[in-house]
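Inside the fold
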Amino acid sequence: MATEPAIAEPTVPSLVDRYFTRWYKADVKGKPCEDHCILQHSNRICVITLAESHPVLQSGKTIKSISYQISTNCSRLQNKVSGKFKRGAQFLTELAPLCKIYCSDGEEYTVSSCVRGRLMEVNENILHEPSILQEKPSTEGYIAVVLPKFEESKSITEGLLTQKQYEEVLVTRVHAATATS
């Protein structure tokens, strides 16, 4: 009996791949490999996450804690949004820090918003269970949700990389690393 060739099942895109466009910001604030991913929905809402190449996700680090306390007077946890016009939301610039990630090896990483807009919510679940930031960075381990101004919703992606451009950056990094070693 001849066995029939296996027919490849069509892969179903994930919820994130189906409804969000991935944008990337490489080397945020000039720090090498500290890349962020911005998931932009068609309704212009942006979900801020860590890119797959971020050191927290790559090098097997253990997250000790995560803090939304940016300075003595500014905590992203104090963000209280209400109403149709999102009153009370903190306004963020592209370089505004969202949170700090502290690793058990003493390393500290600051996650920036990468887009201008109003802070809608922060993910409080990662405070209690930091491991989900590493296990599911694009879904349950997101950092924050930002709503850009309607007028700026088209221009927010100008300084960001597409998935293909970001993959080219990663390839260039690998070639640079192998050339130096």
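Residues numbered from 1 in each chain as written. Predicted model: local features only at pLDDT ≥ 70, side-chain atom pairs only at ≥ 80, totals over all residues. Heavy atoms only, no water.

For the protein chain, an unreviewed UniProt entry supplies the name Protein Abitram and the organism Ursus maritimus. Of the comments in the UniProt record for the protein chain, the one headed Subunit (unreviewed entry) reads "Interacts with F-actin. Interacts with G-actin." (UniProt positions renumbered as here; feature names shortened; annotations may be inferred.)

1. A short note on the overall build of the protein chain
Secondary structure assignment for the protein chain yields five helices and nine strands. Sequence-ordered secondary structure for the protein chain, helices as α and strands as β, is α-β-β-β-α-β-β-β-β-β-α-α-β-α. Residues classed as buried in the protein chain amount to 40% of the 181 residues present. When contacts within the protein chain are restricted to residue pairs at least 6 apart in sequence, long-range pairs at least 24 apart make up 58% of them. (Helix = DSSP H or I, 4+ residues; strand = E, 2+ residues; numbered from the N terminus. Buried < 20%, exposed > 50% of the residue type's maximum accessible area, 1.4 Å probe, protein only. Contact = heavy atoms within 4.5 Å.)

2. What to know about the nonpolar core
Counting residues in hydrophobic clusters, the biggest one holds 30 residues, and the most contacted among them are Ile38, Ile101, Val115, Leu133 and Ile143. For this core, the elements supplying multiple residues, two or more each, are strand S3 (46-50), strand S4 (63-67), strand S6 (97-103), strand S7 (108-112), strand S8 (117-122), helix H4 (131-135) and strand S9 (144-147). Top element by residues in this core is S6. It accounts for four residues. Grouped together as the second largest cluster of nonpolar side chains are 12 residues, Val16, Cys37, Leu39 and Ala51 included. (Core = buried A, V, L, I, M, F, W, Y, C linked by side-chain atoms within 4.5 Å.)

3. Some remarks on the environment of Glu140
Residue position: Glu140 is located in the loop between H4 and S9. Residue Glu140 is classed as partly exposed on the basis of its relative accessible area, which comes to 42%. In this structure the C-alpha to C-alpha distance between Glu140 and Cys46, which are 94 residues apart in sequence, comes to 15 Å. Setting aside anything within four residues of it in sequence, one finds Glu140 in contact with Asn123, Ile126 and Ile132. Side-chain polar atoms of Glu140 contact the side chain of Lys136, separated by 3.4 Å. (Polar contact = N/O pair within 3.5 Å; in protein donor to acceptor, adjacent residues only side chain to side chain.)

4. Brief notes about the pattern of salt bridges
Applying the stated criterion to the full structure yields five salt bridges. The partner of Asp105 in a salt bridge is Lys61, with the nearest N and O atoms 2.6 Å apart. Residue Asp105 is located in the loop between S6 and S7, and its partner Lys61 is located in the loop between helix H2 (55-58) and S4; the two are separated by 44 residues in the primary sequence. The class of Asp105 is partly exposed, set by a relative accessible area of 47%. Note on Lys61: relative accessible area 16%, which makes it buried. Each of Asp27, Asp35 and Arg173 takes part in one network of salt bridges that share partners. (Salt bridge = Lys/Arg side-chain N within 4 Å of Asp/Glu carboxyl O.)

5. Brief notes about the side chain of Asp35
By secondary structure assignment, the location of Asp35 is in the loop between strand S1 (20-25) and strand S2 (36-41). One polar contact links the side chain of Asp35 to the main-chain amide nitrogen of Asp27, over a distance of 2.8 Å. The residues touching Asp35, leaving out its near neighbours within four places in the chain, are Lys25, Ala26, Asp27, Leu50, Ala51, Ser53, His54, Tyr166, Leu170 and Arg173.

6. Observations regarding the sheet that holds S3
Spatially, six strands are ordered S1-S2-S3-S9-S8-S5 in an open sheet, and the strand pairing comes out antiparallel. The strands lining the two open edges of the sheet, one partner per strand, are S1 and strand S5 (91-92). With two bridges connecting them, S5 and S8 associate as antiparallel partners. Across the sheet, Leu92 pairs through a bridge with Gly117, a residue of S8. (Pairing = 2+ DSSP bridges.)

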